[in-house]
Amino acid sequence: MARGRRSKFRVSKLYSFACGRSGFKEDHSQIGGPGFSRVVYANDPDFEDAINLNYASNSVSTTKYTWATFIPKSLFEQFRRVANIYFLITACLSFTALAPYSAGSAILPLIVVIGATMVKEAIEDWRRSQQDSEVNNRKVKVCRQDGNFDYTEWKKLRVGDIVKVEKDEFFPADLILLSSSYPDAVCYVETMNLDGETNLKLKQASEATSGLQADSSFLDFQAVIRCEDPNASLYSFVGSMELKDEQYPLSPQQLLLRDSKLRNTDYIYGAVIFTGHDTKVMQNATDPPSKRSKIERKLDKIIYLLLAAVVLISTIGSIFFGIATHDDLQDGKMKRWYLRPDDTTIFYDPNKAAIAAILHFLTAMMLYSYFIPISLYVSIEIVKVLQAVFINQDIQMYHEESDRPAHARTSNLTEELGQVDTILSDKTGTLTCNSMEFIKCSIAGTAYGHGVTEIERAMARRKGSPIVTEQDNEEHKENHADAKSAIKGFNFKDGRLMYGNWVNEPRADAIQKFFRLLAICHTCIPEEDEESGKISYEAESPDEAAFVVAARELGFEFCERTQTSISVHELNPMSGKIVERSYKLLNILEFNSSRKRMSVIVRDEEGKLLLLSKGADSVMFERLAKNRMDFEEKTKEHVNEYADAGLRTLVLAYRELDEEEYTTFNKRFTAAKTSVSADRDEKIEEAADMIERDLVLLGATAVEDKLQLGVPECIDKLAQAGIKIWVLTGDKMETAINIGFACSLLRQGMKQIIITLDTPEIIGLEKAGNKDAIAKASKESVVHQINEGRKLISSSNTESFALIIDGKSLTYALEDDVKDMFLQLAIGCGSVICCRSSPKQKALVTRLVKTGTHKVTLAIGDGANDVGMLQEADIGVGISGAEGMQAVMSSDVAIAQFRFLERLLLVHGHWCYRRISSMICYFFYKNITFGLTLFMYEAYASFSGQPAYNDWFLSLYNVFFTSLPVIALGVFDQDVSPRFCLKFPMLYQEGVQNVLFSWTRLLGWMFNGILNAITIFFFCISAFQYQAFREGGEVVGYEVLGATMCSCVVWVVNCQMALSVGFFTLIQHIFIWGGIALWYLFLLAYGAITPTISTTAFMVFVEALAPAPSYWILTLFVVIATLIPYFTYSAIQIRFFPMYHNMVQWMRWEGRADDPEYCQVVRQRSVRPTTVGVSARLDKATQLITRRVHHAVPSP
């Protein structure tokens, strides 16, 4: 609407059901009682009583920590992990005489690991703090004592302040609307940040304050507002305002919520009633559910297993030590004379062998702590953060049109993306664009519109008879692209109606009334561009915008809405010229889910009273007049055809009213909408139902919610990857089924198991109205249908099935005694579609699949109604689409289009799962290799508690010498390239089957570590035990043996990494060989330090190891001997027993990746057969052809 016109705009008659003037009734009797005790002194926040109330400030904080709580809370978070508690205990014990190493060498690694994690937490919380600061420091105009409005920060607002919010600004707190730029004190509010809805809500101030139109009006304004206490209910509010000794009721219609946006209104004035964390949006802000990946949960079990192993070997060693200590001194003879059992401390006292054994147990628990990888958790967190960065930076998942990249909002679940077993998807806005296009219509029994929908094309393919040639197909796409770029929401092609040709049609009068109804019956708001003069529309839904645009393009342009009228530029059939006609707007009967229709009552220029109505066919046909039009049956046929084509339909009808009938209705309707009693809604619906009768049919509309680009191909790839796909939608069954065919979720020949309560028996009971009988019969019917479906599945091993269930049936299928049967039926089907599902049902179905299958579930949606489903699933993926950001804000990963799910799962998910799995297995391998050499040396030294290595060798092994190559593995390793990940989706099944992190694979790596430790220890001992090492013929000392063994361990575990890596990068080379180089640099640097610090490492490399050829020969021999078993095993396994990724690697190596026949052979090695998708359809067709050929060829 033009700005100049807006100043005259009154909407007194535009009020919907929720927009009536309230009066005092029972709802307001609670004010002042418990839960309704809030008192606000409007425009007087400095009043003494107001100050004493001590309400919350308007500053909000979403941070996890404060300056005071960061250290204690962060430390608490770190020491919730049992491994960290264990390391803390051993660090504390290192200060005692029991410690086999120095305290500093034990504490430093723990400080590094805990400190790194705390730094990460601090950075993440600092980012949240920056976001809070940006919000808290936004500016808004607030009324000062002199009546002037000056800008101030949001955080400085107080309860009772009067603020002025201007167009397209966010409300800084919860406000009571006092007045607006419109004389009627209405405003339009967008609540996308609250509920995800992009449609505009109409709010209206109380009559008592509607005249406060200027800043100066508030100089002497004061009022007292009494209302409910802070609560989380977004849609309810009870309060009253005392102004000049008069009481005025307040309702949700006067409440403006924080984080809502002012739209289509120049400014509003409001009184602050709730601030900061008292606002409703903050009351609704709950911490997202804590999600931990299955690998992380399994990791805890492995840590417990290793701790148990440490306790076991410590116990065994202590027993042997106790026995040896007891026998050390027999008849004055000393066995271990070097321990001086005749003159020793309690640790080696033969007379106190039991106590010595207990003390040795504590020493062993400290010594064997190196079995537990101290840097594992922090390394995993670093890797996951970097994996999330790679997801965010992937240009292949960037949507240029909306300028939105993929965004991993949490890094905790990256590997879970590679293990998804079931996807539960919303339909509208997720599989489809949620961008409606007017494509067809039926007027007076004649179908108009030549467009072909994607679903019609899919249906034609199902029938084997394409309805358009390839050339026509290309032309259609080009025309569609041109139309879409030129006119959003309009893709109608029919020369009979376009360009004014409708005047030549036989039923031109009906066509005129049809499009006039579309131009008038709506709640759209026109916006006129001041520069171009073009009119655009703000609509409550994409459907409504498409109708108004269609009317405009066919000669009926809605151009202006005033306080009592709607103006339309119409084509005059007689003169052929555009004329402006004005319709006096009397009432709007708004659309809602129970009414399923919308109507307006207007008076035309001839004085006729017209009721114009549009709604769902299920409610409109039953409201037609008894002397029905002759084209009613034809219209029903067209509506069914449109529904079969996946189009959303509405039926249009009208009737003329007489004055007496309207007067009676208006009186009853006005009384109903101004009531605030409990039965207010029922009264309004009764009044509307009274007038919406005996309608005259005009026709029906059909709009298309197009599939998003690449959806069928994406679903096909996901199905090939072994992922089951469920669609949970609010659409009716016919539309959902046809969308399923269009996106290849369903295919011809797939048997459909349909569970519905739309049976004559149930319908008859519903008419009778006996609720108990309906519930009992409905449940019995659902159980019967489920059992029949299970029998059908069990009787066939070759057929594939699809389960389709409606919302009513789903209510009973999710009951405790039925849900397990329902889940078993659903698991046996290739695809599942739940129609007419409520948001709660979506969440309950997701929970059922997650808990019932114990497999990873992924939910994907784009609207506020999908939030419960996203939070309930193991992984929630939000589509940043047209329904706001509520789903994105509740998700774990955000993407712009459904098709990006293919790359997110098949490439990044597969890689992340493989990397994390390999990384954890390798971590335990290298720690067991290192720790077991400690155990064997202690056994060799009669369990005396003597460590094989220098203190700092022990401490820095995990932190520096071997940790960086593991991180590089977790960040950069690839088994195959992205192209092959997408070409062979079956690779993903390795994650679904969890073959890379099974107990078998994990124990195999541990066994490899045990073999390596035994090899290293015995080769080193055997080589040096009786061999002269020094010039004087002496054998090696303890310090040389320890440094040599540690050198072998560092070499072996790093070379083992080099053998394990599937994709080398420069960084991996630097980290692997740099880790070995760092070991030698450390020996040089540490060995040069004074012996009081370096102890056994003093000059050990320069003077002892480096000059000795035996050291270098032994190191080379041990490395080769240790790695030969693994190399041999890997070669045999890859060549003769290849895993799926090994097969693809061989294919690439042999250059057969582009051989279609060979690729098909590899594809058929899939673990799980594909039952849905384009490929499944082609496979089925191939099987049918093969079967026919087999039967046609006579046997010899």
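Cut-off values and rules
Residues numbered from 1 in each chain as written. Predicted model: local features only at pLDDT ≥ 70, side-chain atom pairs only at ≥ 80, totals over all residues. Heavy atoms only, no water. Core = buried A, V, L, I, M, F, W, Y, C linked by side-chain atoms within 4.5 Å. Buried < 20%, exposed > 50% of the residue type's maximum accessible area, 1.4 Å probe, protein only. Helix = DSSP H or I, 4+ residues; strand = E, 2+ residues; numbered from the N terminus. Contact = heavy atoms within 4.5 Å. Expected span 1.5 Å × (residues − 1). Polar contact = N/O pair within 3.5 Å; in protein donor to acceptor, adjacent residues only side chain to side chain. Phe/Tyr/Trp six-rings, centres within 6.5 Å; stacked < 30°, edge-to-face > 60°. Lys NZ or Arg CZ within 6 Å of the ring centre and 35° of its normal. Axes fitted to C-alpha atoms, helices over the stretch in contact; angles between N-to-C directions. Parallel < 35°, antiparallel > 145°, perpendicular 65-115°, else oblique. Left-handed = near helix turned anticlockwise from the far one by under 90°. Nonpolar A, V, L, I, M, F, W, Y, C, P; charged D, E, K, R; others polar. Salt bridge = Lys/Arg side-chain N within 4 Å of Asp/Glu carboxyl O. Patch = residues over 30% accessible without salt bridge, like charges linked within 9 Å, V, L, I, M, F, W, Y side chains within 5 Å. Areas by Shrake-Rupley, 256 points an atom, 1.4 Å probe, with all protein chains shown as cover.

Draft legend 1. Broad picture of the nonpolar core. Judged by nonpolar contacts, the single largest core of 115 residues is most densely connected at Ile372, Ile920, Phe924, Phe930, Tyr949, Phe953 and Trp1079. The biggest single contributor to this core is helix 28 (residues 900–940), with 16 residues. Setting aside its immediate chain neighbours within four residues, isoleucine 372 contacts Ala83, Tyr86, Phe87, Ile303, Leu306, Leu307, Val310, Asn927 and Asn958. In terms of nonpolar packing, the next biggest core, distinct from the first, is built from 77 residues, Leu497, Ile588, Val619 and Ala700 among them.

Draft legend 2. Representation of helix 14 (residues 542–553) in the model. With 12 residues, helix 14 extends 16 Å between its outermost C-alpha atoms, agreeing within 8% with the 16 Å of an ideal straight helix rising 1.5 Å per residue. Among all positions of helix 14, only Asp543, Glu544, Ala546, Phe547, Val548, Val549, Ala550 and Ala551 are buried. Phi turns positive one or two residues past the end of helix 14, at glycine 555, with a value near 105 degrees.

Draft legend 3. Structural detail: the environment of asparagine 137. Structurally, asparagine 137 can be placed in the loop between helix 5 (103–136) and strand 2 (139–143). Owing to a relative accessible area of 31%, asparagine 137 belongs among the partly exposed residues under this scheme. Separated by 19 residues in sequence, asparagine 137 and lysine 156 place their C-alpha atoms 8.8 Å apart. Within the structure, the side chain of asparagine 137 is placed 2.7 Å from the backbone oxygen of serine 133, a separation counted as a polar contact.

Draft legend 4. Main features of the packing of aromatic side chains. Applying the stated criterion across every chain, the model contains 44 aromatic pairs. Seen in terms of ring centroids, tyrosine 925 and tryptophan 1005 are 5.5 Å apart; in terms of plane orientation they differ by 70 degrees. Their pairing is edge-to-face. Of this pair, tyrosine 925 sits in helix 28 while tryptophan 1005 sits in helix 33 (residues 999–1025); the two residues are 80 residues apart in sequence, bridging distant segments of the chain. For tyrosine 925, a relative accessible area of 0% corresponds to the buried category. What makes tryptophan 1005 buried here is its relative accessible area of 10%. Look at phenylalanine 953 and tryptophan 1079: their rings are 5.0 Å apart centre to centre, the planes differ by 75 degrees, and that puts the pair in the edge-to-face class. Separated by 126 residues along the polypeptide, phenylalanine 953 in helix 29 (residues 951–961) and tryptophan 1079 in helix 35 (residues 1066–1087) bring together distant segments of the chain. Like phenylalanine 953, the residue tryptophan 1079 is buried in the burial classification. In this structure, arginine 38 is placed above the aromatic ring of tyrosine 55, and the distance from its NZ or CZ to the ring centre is 3.8 Å. Its guanidinium or amino end placed over the ring of phenylalanine 621, lysine 636 lies 5.1 Å from that ring's centre, counting from NZ or CZ.

Draft legend 5. Quick look at the packing of helix 30 (residues 963–972) against helix 35. Where helix 30 meets helix 35, the axes come as close as 8 Å, and the angle between the chain directions of the two elements is 160 degrees. Classified by the angle their axes make, helix 30 and helix 35 are roughly antiparallel. Helix 30 and helix 35 meet at a crossing whose hand is left-handed. Touching Leu964, Pro965, Ala968, Leu969 and Phe972 of helix 30 are Ile1067, Gln1068, Phe1071 and Ile1072, all from helix 35. Partitioned by chemical class, the residues of the contact of helix 30 with helix 35 number 8 nonpolar, 1 polar and no charged.

Draft legend 6. Molecular detail of the pattern of salt bridges. Overall, the coordinates contain 44 salt bridges when judged by the stated rule. Where glutamate 296 meets lysine 384, a salt bridge forms, and the shortest distance between an N and an O atom there is 3.8 Å. Highlighted residues: glutamate 296 in helix 8 (residues 294–326) and lysine 384 in helix 10 (residues 376–392), separated in sequence by 88 residues. Note on glutamate 296: relative accessible area 18%, which makes it buried. Residue classification places lysine 384 among the buried positions, given a relative accessible area of 6%. A salt bridge links glutamate 637 to lysine 634, with the nearest nitrogen and oxygen atoms 3.8 Å apart.

Draft legend 7. Up close: a nonpolar patch on the surface. Together, Phe960, Leu1078, Leu1081, Leu1084 and Val1102 make up an exposed nonpolar region whose accessible area comes to about 420 Å². With 3 residues, helix 35 is the largest single contributor of residues to the nonpolar patch. Turning to its location among the elements, leucine 1084 is positioned in helix 35.

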